[in-house]
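Remarks on the overall topology
So you can see what is in the structure, the chains are spelled out below.
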Amino acid sequence: MVNGDIVNKIAAVKKEDGKNIWLFGGALLTTALLNAGLIGEMILSVHPIVPGAGKPLFSQASQRHSLVLLHSETYTSRLVQLTYQIK
């Protein structure tokens, strides 16, 4: 778990040797990293329910981003996972 200035911590980790960084988070984390240009690829999971309330995922995005669909997969639970490259 990471606390504090997550954007600077992730930027520092990206400069280290290694491959991909996998983060799991909600609207605030995703938007902060997207605004900082730190997301190259994103997996969105679409659950087959309408909750009736909640937070928009990208409500505070500072600019428009193009997404390129790399992969999609549908599971027996009806969940759909979409993998996008951020342009």
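As shown above, the structure is provided for reference.
Quick summary incoming for the structure in this document. (Residues numbered from 1 in each chain as written. Predicted model: local features only at pLDDT ≥ 70, side-chain atom pairs only at ≥ 80, totals over all residues. Heavy atoms only, no water.)

With that settled, the discussion passes to the pairing of strand 2 (residues 67-74). Consecutive residues of a regular strand have side chains that alternate between opposite faces of the sheet. Alignment of strand 2 against strand 3 (residues 80-86), held across 7 bridges, turns out to be antiparallel. Paired with L67 across the bridge in strand 3 is I86. A loop of 5 residues connects strand 2 with strand 3, the two strands running antiparallel in sequence, and R78 in this loop sits at a positive phi of about 80°. (Pairing = 2+ DSSP bridges. Helix = DSSP H or I, 4+ residues; strand = E, 2+ residues; numbered from the N terminus.)

A few words on the packing of aromatic side chains. Scanning the model with the defined rule gives 1 aromatic pair in all. Judged by centre distance (6.2 Å) and plane angle (25°), the rings of W22 and F24 are stacked. Residue W22 shares its accessibility class with F24, and that shared class is exposed. (Phe/Tyr/Trp six-rings, centres within 6.5 Å; stacked < 30°, edge-to-face > 60°. Buried < 20%, exposed > 50% of the residue type's maximum accessible area, 1.4 Å probe, protein only.)

Here we take up helix 2 (residues 27-35). Buried residues of helix 2: A27, T30, T31, L33 and L34, and no others. Buried residues of helix 2, seen end-on, are gathered within an arc of 170° and therefore sit on one face of the element. Here the buried face of helix 2 lies against helix 1 (6-14), strand 1 (41-46) and strand 3. (Arc of directions from axis to C-beta. Contact = heavy atoms within 4.5 Å.)

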